[in-house]
Amino acid sequence: MAFQRRIFSGIQPTGNLHLGNYLGAVRNWVALQNEFECIFCMVDMHAITASLLDPDDLRRSTRELAAAMIASGIDPRKNILFNQSQNPDHATLAWIFNCIARMGWMNRMTQFKEKAGKDRENVSLGLFAYPALMAADILVYKATHVPVGEDQKQHLELARDIAQKFNFDYQKEFFPLTEPLIYGPATRVMSLRDGAKKMSKSDPSDQSRINLTDTADMIADKIKRAKTDPNPLPDTVEGLEGRPEAENLMGIYAALGGMTIEQAVADCAGKGFAEFKKLLTEVAVTVLGPITAEMRRLTDDTTYVDGILRDGGERARALSAPIIAEVYDTVGFLRP
Ligand code: TYM
């Protein structure tokens, strides 16, 4: 059966959008919106799995993230932009998926292992079930393609396993086997302080990431202090091997400048880090500055942002309603 091509992706409203989220995900979403039907979701239900958040902070982060996405170029009239908790069909399908997914599959999730660490007995059940909710986010709309950064690959493989098992158990080709879309020179942006660690909202050091709320001075300062090695930049892509910090900064430079990694390397061959960092700061401030300014303007306009999210929520519910009705019939639940 051919499924209609539909894009879904999500992002957690915990803290702010950082350069990794922007280059690994949001920028690709902006490009996809011209070609496909897209649904973009602020996953506030996922945001409370690691720990409960202050309710005002969560509301503020959700609005701020929506503002950041619009400021980055997501058109909320063309796409559906909403916060997850506005559509209860996600949670309904997630429950069914909790009964489809096997404990063994969930136990293999590396993000769960990383997030739980040594404290496995004390983390929430929600954190363990997180990837099943993520599968439900996607499949409640029968989305076929999911643009994400590299770190979500395993979760998307699980979504395929869940879809496949549902289809097999109920003997119908009901859910699509979703394809990940992971592309561009910055699918895995690393910390500015440690080239072996992913740039992340949860890193305690703010120096490790560039946030979309940072001023030009803050960006310049963070890039200036970013970890490097003592050698000049290489003249081939292979020359970046074994130099994680150089590789990371070059990937960021390429992505921000709209270049391939080969073009970026050719552009900077033989330069020392001091000179390269000036170029990198320039391109970062040029690309991010206008987004930050627009984001600030929109964040103050809560009536506008709330209106967008409500409208998006309504359109999302309209899309998932017939799918969830069919799921009810398939599973044997009496419809409301
Ligand atoms: P989240 O909020 O951690 O990240 C949002 C998006 O940003 C990407 N990303 C990165 N890309 C490159 N380098 C980095 N350092 C980096 N850090 C984050 C992520 O890959 C992601 O695409 N579980 C998801 C949210 C989610 C979701 C979904 C995604 C919930 N339901 C359904 C897709 C489909 C998450 O925590 O993303």
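This one's a predicted model, so the numbers in the text were calculated from it and none came from an experiment. (Residues numbered from 1 in each chain as written. Predicted model: local features only at pLDDT ≥ 70, side-chain atom pairs only at ≥ 80, totals over all residues. Heavy atoms only, no water.)

### Re the layout of surface pockets
Threshold: Using a 1 Å grid laid over the protein atoms alone, points where a 1.4 Å probe fits but cannot get out form a cavity; open sets with protein on both sides within 12 Å along at least 5 of 7 lines form a pocket; any residue with an atom within 4 Å of a point counts as lining. Grid points are joined across faces, edges and corners, and a volume is the space filled by probe spheres set on the points. Strands here mean DSSP runs of E at least two residues long; helices mean DSSP runs of H or I at least four residues long; both are numbered from the N terminus. Three residue categories are used. Nonpolar comprises Ala, Val, Leu, Ile, Met, Phe, Trp, Tyr, Cys and Pro, charged comprises Asp, Glu, Lys and Arg, and polar comprises the others, including Gly.
Reported here for the largest pocket is a volume of approximately 1,200 Å³. In terms of lining, the largest pocket is formed by 48 residues, of which the most central are Gln 12, Gln 111, Asp 151, Gln 152 and Lys 198. Secondary-structure elements contributing two or more residues to the lining of the largest pocket are strand 1 (6-11), helix 1 (19-32), helix 2 (44-47), helix 6 (110-116), helix 7 (125-139) and helix 8 (153-169). The class makeup of the residues in the lining of the largest pocket is 17 nonpolar, 20 polar and 11 charged.

### What to know about the environment of Met 259
Quick reminder of the rule: We call two residues in contact whenever any of their non-hydrogen atoms come within 4.5 Å of each other.
When you line up the elements, Met 259 lands in the loop between helix 10 (244-257) and helix 11 (261-268). Through-space distance from the C-alpha of Met 259 to that of Ile 70 is 24 Å; in sequence the pair is 189 residues apart. Every residue in contact with Met 259, bar those within four places of it in the chain, is listed here: Pro 185, Tyr 253, Ala 254, Ala 264 and Asp 267.

### Regarding the nonpolar core
As a reminder, the rule being used: Side-chain atoms within 4.5 Å are what join buried Ala, Val, Leu, Ile, Met, Phe, Trp, Tyr and Cys residues into a set we call a nonpolar core. Exposure classes here rest on a 1.4 Å probe applied to the protein chains alone. A residue is buried below 20% of its type maximum, exposed above 50%, and partly exposed in between. Where each domain begins and ends follows an automated or database-derived domain assignment.
With 60 residues, the main nonpolar core has Leu 23, Met 69, Met 250, Ile 252, Tyr 253 and Phe 276 as its most contacted residues. If you tally residues by element for this core, the top one is helix 12 (residues 273-300), at 9 residues. Counting contributing residues, this core receives three or more from each of domain 1 (6-187 + 301-331) and domain 2 (206-297). Sequence-distant contacts of Leu 23, that is, excluding residues within four places in its chain, are made with Asn 28, Ala 186, Val 189, Ile 252, Ala 255 and Leu 256. Listed in part, the 45 residues of the second largest apolar core include Phe 8, Ile 39, Ala 116 and Tyr 130.

### Focus on the domain arrangement of the chain
Put simply, the rule reads: Simply put, the buried area is the total loss of 1.4 Å probe accessible area from both parts when two parts are fitted together. Within this document, salt bridges are pairs made up of a side-chain nitrogen of Lys or Arg and a carboxyl oxygen of Asp or Glu, the two lying within 4 Å of each other.
Domain parsing of the chain yields domain 1 (6-187 + 301-331) and domain 2 (206-297). Of note, the centres of domain 1 and domain 2, computed from C-alpha atoms alone, are 29 Å apart. Counting residues at the interface gives 15 residues for domain 1 and 17 residues for domain 2. Counting each side, the surface lost to burial between domain 1 and domain 2 is near 1,300 Å², with a carbon and sulfur contribution of 72%. Among the residues domain 1 hides against domain 2, the three largest losses belong to Leu 19, Ala 71 and Pro 185. Together they make up 38% of the total. Scanning the region where domain 1 abuts domain 2 turns up 0 salt bridges.

### Remarks on helix 12
Where we set the bar: Any helix carries an expected span of 1.5 Å times its number of residues minus one. One fitted axis covers the seven residues ending at a residue, a second covers the seven starting there, and the bend at that residue is the angle between these axes.
Taking 1.5 Å as the rise per residue, helix 12 with 28 residues should run 40 Å; its terminal C-alpha atoms sit 38 Å apart, in good agreement. Maximal helix bending in helix 12 amounts to about 35 degrees, located at Leu 288; proline Pro 290 follows within four positions. Along its buried surface, helix 12 packs onto helix 1, helix 3 (55-72), helix 9 (216-225), helix 10, helix 11 and helix 13 (302-331).

### A look at the UniProt feature "short sequence motif: 'HIGH' region" (unreviewed entry) in the chain
Which entries qualify depends on this criterion: UniProt positions are given in the numbering used here, feature names are shortened, and annotations may be inferred rather than shown by experiment.
In this numbering, the UniProt entry assigns the feature "short sequence motif: 'HIGH' region" (unreviewed entry) to residues 13-21. Structurally, residues 13-21 is divided into 33% helix and 0% strand, and its ends, taken at the C-alpha atoms, are 11 Å apart.

### Here we look at the site of the ligand
Formally: We call a residue near a molecule or strand whenever a single non-hydrogen atom of that residue lies within 4 Å of it. As used in this structure description, the phrase polar contact means that two N or O atoms lie within 3.5 Å; if the pair is within protein, one of them must be able to donate a hydrogen and the other to accept it, and residues adjacent in sequence are counted only when both atoms belong to side chains. In this description, accessible areas are obtained by the Shrake-Rupley approach with a 1.4 Å probe, and a residue is regarded as covered only by the protein chains that are shown. In this description, a molecule resides in a pocket or cavity if more than half of its atoms sit within 2 Å of the grid points defining it.
Close to the ligand lie 28 residues, the nearest being Tyr 130, Asp 137, Gly 149, Asp 151 and Val 189. One of the backbone N or O atoms of Val 189 is found 2.7 Å from a nitrogen atom in the ligand. In isolation the ligand offers 710 Å² of accessible surface; the protein chains occlude 96% of this area. Applying the majority rule of atoms within 2 Å of the grid points places the ligand in the largest pocket. Secondary-structure elements contributing two or more residues to the shell around the ligand are strand 1, helix 1 and helix 7. Looking at the shell around the ligand residue by residue, the class counts come to 12 nonpolar, 11 polar and 5 charged.

### Quick notes on the packing of helix 4 (residues 89-100) against helix 13
Just so we agree on the cut-off: Whenever a helix is involved, its axis is fitted only over the stretch in contact; in every case the axis is a line through C-alpha atoms, and angles between N-to-C directions fall within 0 to 180 degrees. Angle categories are assigned with fixed cut-offs, so that under 35 degrees is roughly parallel, over 145 is roughly antiparallel, 65 to 115 is roughly perpendicular, and the rest are oblique. Helix crossings fall into two classes, left-handed where the near helix is turned counterclockwise from the far one by less than a right angle and right-handed where it is turned clockwise.
At a closest axis distance of 10 Å, the pairing of helix 4 and helix 13 adopts a crossing angle of 30 degrees. With respect to helix 13, the element helix 4 is oriented roughly parallel. Judged by the sense of rotation from one axis to the other, the crossing of helix 4 with helix 13 is left-handed. Facing helix 4, whose interface residues are Asp 89, Thr 92, Leu 93 and Ile 96, helix 13 presents Arg 317, Ser 320, Ala 321, Ile 324, Val 327, Tyr 328 and Val 331. Looking at the contact of helix 4 with helix 13 residue by residue, the class counts come to 7 nonpolar, 2 polar and 2 charged.

### What to know about a negative patch on the surface
This is how the line gets drawn: Here a patch means residues that are over 30% exposed by relative accessible area and free of salt bridges, tied together within 9 Å if like-charged and within 5 Å if nonpolar (Val, Leu, Ile, Met, Phe, Trp, Tyr). In this tally, Asp and Glu contribute negative charge and Lys and Arg positive charge; neither His nor the terminal groups of the chain are included. To locate a charge, take atom NZ for lysine, CZ for arginine, CG for aspartate or CD for glutamate.
On the surface, Glu 238, Glu 241, Glu 247 and Glu 262 cluster together to form a negatively charged patch. Look at Glu 238 and you get exposed, because its relative accessible area is 54%.

### Looking at the environment of Leu 192
The residue Leu 192 is located in the loop between strand 5 (179-181) and helix 9 in this model. For Leu 192, a relative accessible area of 3% corresponds to the buried category. Considered as a pair, Leu 192 and Leu 298 are 106 residues apart in the sequence and their alpha carbons are 28 Å apart. Ignoring anything within four residues of it in the chain, the contact list for Leu 192 reads Met 199, Gln 207, Ser 208, Arg 209, Ile 210, Lys 222, Ala 226, Lys 227, Leu 249 and Ile 252.

### Regarding the side chain of Ser 72
As for its placement among the helices and strands, Ser 72 is situated in helix 3. Those residues in contact with Ser 72, other than ones at most four positions away along the chain, are Leu 17, Tyr 22, Val 26, Val 30, Leu 212 and Ile 291.

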